[in-house]
2 protein chains.
Amino acid sequence: MIVQWKKHVTRAALVLAFCISSNGYAAEDPLPSWNDGPTKQSILDYVTRVTKEGGPDYVEPKDRLATFDNDGTLWIEQPMYNQFVFAIDEVRKQANQHPEWKIKEPFKSVLAGDMKAVAAMGDKGMVEIVAATHSGMTTVDFDTTVRQWLATAKHPRFKVLYTDLVYQPMFELLNYLRANGFKTFIVSGGGVEFMRGFADKTYGIPSEQVIGSSGVTKYGTWDEKPVLIKEPKVLFIDDGPGKPEGINHFIGRQPIFAFGNSDGDKEMLEWTAACEHLCFMGLVHHTDAVREYAYDRDSSVGKLDKALDEATAKGWTVVDMKNDWKAIFPSVKAAQ
Amino acid sequence: MIVQWKKHVTRAALVLAFCISSNGYAAEDPLPSWNDGPTKQSILDYVTRVTKEGGPDYVEPKDRLATFDNDGTLWIEQPMYNQFVFAIDEVRKQANQHPEWKIKEPFKSVLAGDMKAVAAMGDKGMVEIVAATHSGMTTVDFDTTVRQWLATAKHPRFKVLYTDLVYQPMFELLNYLRANGFKTFIVSGGGVEFMRGFADKTYGIPSEQVIGSSGVTKYGTWDEKPVLIKEPKVLFIDDGPGKPEGINHFIGRQPIFAFGNSDGDKEMLEWTAACEHLCFMGLVHHTDAVREYAYDRDSSVGKLDKALDEATAKGWTVVDMKNDWKAIFPSVKAAQ
């Protein structure tokens, strides 16, 4: 843990040193993986305006809250949500302890490797798989399992760890915002305890700034040691209207900057657009089938339809991944 | 809001300037309202040990999380919880819009001024009163109502605003911890949106570091403007075992320092005691009937019984308010 933290501090320090010149002004390009153009310029202009003391759009540092969706916004979400891949792997790993799964759907299809049948069961099947694999253990044991998986499991196409498939341009954006006094949060439909397993090390976002879907936990003692047991009961779904609800629940204030990539982010962006300051709303549009994936209105994962129309109508920033991003991932250039 | 923030920054800067001498070492007394003795010394020793780089008990700044109960730990809670006084005042204010309350308990007794009858209804009555007065409006309107009440309502005995009845020694402790790299959180059974109405201005704790009991909110639009409506439905009770559950839900990591004052804090302190580092557990024992109140095992508000026994058995720090605190409140010396 200490080693991981030191690594993170070192990386953050390097980025900071790169972004900020010795006189305290931003260097010429804090977003080197973004191609020059209106998308990049809209970000730079926004940050310049809200941080200019005495300017008409100045926002006090304490109100500079930025919220980011995770799947498809900060890291890859195709061909299926990474957390769901983890859950599938857990079903296989735990199968011996659950003989009943051999005859019970959706587990039966998972164990038979019939992912088409699993997909056909839709959200209901997915929720059952996640509930079964994300409960019945302590929060500490779950965290250990997540970290082990993240340290070993590889993406089927890019053949690297999932945490190597974060978007380098978004990583630079997170650092750029923090260097300008923003507090950065994740606000995602993903499970909060799954994301906390990598958010600090990967994005520099501490656990208390990670908001996600949550299950009920129950406090008790095991061998006289206090523990929290994860129960198979949903407390809160952080998606769609659940995103502004979750932001209110966890943060208690409106962000002034929000980034998403799908219809599940629509309400978060609308709520941010109603903030009292100059607000920034952004969407990542996956347009690059060669270097990543191209999908929007018809995708079952990360569907982007209504939010894209709204962004166009209201002039929100839409990232055209293919044309706006010089690089996609930090370390998989060879595979692209 | 900006004015309040500036005031807060100025106050924080003054405290910081007081605590830290020019060479970066702590000045002689960062806790001037604490009498010298073992209680004060236990705090000073703890902070010195966990912040000593290279020492055996050193804790990285990122892991220096401190959680504080609010009612009875940071501010007054007698003769009844301040939030409940607010709720009672709201019943009276809203009575005209609710003619049915004239014949419906517990509202009937509240409107008749029969607080004995209200008290006899116990928690059930209190929950009904809070639910009725804390729902059916937007989060913004509720926040405005709370702030108006806090700016005008006065404590029956001390005749000052409730926010003037925070404990000066605990205020100094919060500042002392922050000056030593701690991140301070409130973890209270009180309503999260009620506390967020004053926690920033009063304690220097931003809304995202306030954890409390929460109701369900629902996102929607009013006149095409996005709003969150407070519903009369409990999402989460942050008391007793709910405190470690809430800390896990909101923060995702164990604190290393926790302070409470009642049996409702027992599980939070036990969970903190199981932290991986050198941990600090503290209780405020209300022993001063002259300057504040004296109560513990038999009190209906802030009952301190089992947690006091456990603190004694395990050697946790117990503040004897009468003997350990030089001053209680920052600005009501005349009334004491």
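Small disclaimer: the values here were computed from a predicted structure and weren't measured. (Residues numbered from 1 in each chain as written. Chains lettered and ligands numbered in written order. Predicted model: local features only at pLDDT ≥ 70, side-chain atom pairs only at ≥ 80, totals over all residues. Heavy atoms only, no water.)

J.: Which parts of the structure should I look at to understand the environment of V110(A)?
T.: All names here are of chain A. Mapped onto the elements, V110 comes out in helix α4 (residues 107–111). Taking the relative accessible area as the measure of exposure, V110 reaches 0% and is therefore buried. For the pair formed by V110 and S300, sequence separation is 190 residues and the distance between their alpha carbons is 19 Å. The contact partners of V110, leaving out residues within four places of it in the chain, are I88, V91, R92, V118 and I129. (Helix = DSSP H or I, 4+ residues; strand = E, 2+ residues; numbered from the N terminus. Buried < 20%, exposed > 50% of the residue type's maximum accessible area, 1.4 Å probe, protein only. Contact = heavy atoms within 4.5 Å.)

J.: Is there a simple way to think about the interface of chain B and chain A in this case?
T.: Much of the literature gives interface size as the accessible area that the parts lose upon coming together. Counting residues at the interface gives 37 residues for chain B, matched by 36 residues for chain A. The junction of chain B with chain A conceals about 3,400 Å² of combined surface from both sides, 55% of it contributed by carbon and sulfur atoms. Across the chain B-chain A interface, the total number found is four salt bridges. Here chain B is connected to chain A by 25 residue pairs in polar contact (both at pLDDT 80 or more). Put simply, the parts of the chain that give the side of chain B that touches chain A at least two residues each are α1 (2–19), β2 (183–191), β3 (210–222), β4 (225–236), α11 (242–250) and α12 (266–273) of chain B. Among the elements that take part in the side of chain B that touches chain A, α11(B) stands out by supplying five residues, more than any other. Each residue belonging to the side of chain B that touches chain A can be placed in one class, and the counts come to 16 nonpolar, eight polar and 13 charged. (Buried area = accessible area lost by both parts, 1.4 Å probe. Salt bridge = Lys/Arg side-chain N within 4 Å of Asp/Glu carboxyl O. Polar contact = N/O pair within 3.5 Å; in protein donor to acceptor, adjacent residues only side chain to side chain. Nonpolar A, V, L, I, M, F, W, Y, C, P; charged D, E, K, R; others polar.)

J.: I keep staring at the state of the cysteines and nothing clicks. Help me out?
T.: By definition, a disulfide links the sulfur atoms of two cysteines through a covalent bond. Residue and element names in this part refer to chain A. Overall, the coordinates contain two disulfides over all chains when judged by the stated rule. Here C275 pairs with C279 through a disulfide, and the sulfurs are 2.2 Å apart. Its S-S torsion of about -105° marks the bond between C275 and C279 as left-handed, since a negative value means left-handed. Judged by its relative accessible area of 10%, C275 is buried. (Disulfide = S-S within 2.5 Å.)

J.: Quick question: what am I supposed to make of the pairing of strand β7 (residues 317–320) of chain A here?
T.: Two faces belong to every sheet, and in a regular strand the side chains alternate between them. Residue and element names in this part refer to chain A. A one-sided burial pattern is seen for β7, the buried positions being T317 and V319 and the unburied ones V318 and D320. For strand β6 (residues 280–285) and β7, the ladder comprises four bridges, and the chain directions are parallel. Paired with L283 across the strands is V318, a residue of β7. Handedness of the crossover joining β6 and β7 through helix α13 (residues 306–314) is recorded here as right-handed. (Pairing = 2+ DSSP bridges. Right-handed = clockwise from strand over helix to strand, strands pointing away.)

J.: Would you mind showing me how to read the sheet that holds strand β2 (residues 183–191) of chain A here?
T.: All names here are of chain A. Read from one edge to the other, the open sheet built from seven strands follows the order β4-β3-β2-β1-β5-β6-β7, with strand pairing classed as mixed. Edge positions in the open sheet fall to β4 (225–236) and β7, since each of these has one partner strand only. Across the sheet, the mean angle from the axis of one strand to that of its neighbour is 30°, orientation sign disregarded. In the sheet, strand β5 (residues 257–260) pairs with β6 via four bridges, with the strands oriented parallel. (Axes fitted to C-alpha atoms, helices over the stretch in contact; angles between N-to-C directions.)

J.: Mind showing me how you'd approach the relation of the copies chain B and chain A here?
T.: Two chain copies, one operation linking them: a rotation about an axis together with a shift along it. The transform that puts chain B on chain A rotates by 180° and translates by 0.0 Å along the axis, for an RMSD of 0.0 Å. Such a turn and shift between the copies fits a two-fold axis. The position closest to the rotation axis in chain B is occupied by the C-alpha of F250(B), lying 3.3 Å away. Same-surface contact between copies: 97% of interface residues of chain B are shared with the interface of chain A. (Least-squares fit on C-alpha atoms with pLDDT ≥ 70 in both.)

J.: What should I look at first to understand the confidence of the model for chain A in this one?
T.: The predicted coordinates should not be examined in detail at positions where pLDDT is low. Residues and elements named next belong to chain A. Per-residue confidence for chain A gives a mean pLDDT of 91; residues scoring 70 or more make up 90%. Contacts of residues 1–24 to residues separated by more than four positions or lying in other chains number 27 contacts, the stretch itself having pLDDT below 50. Interface confidence for the predicted complex, given as ipTM, is 0.88, next to a pTM of 0.90. (pLDDT = per-residue confidence, 0-100.)

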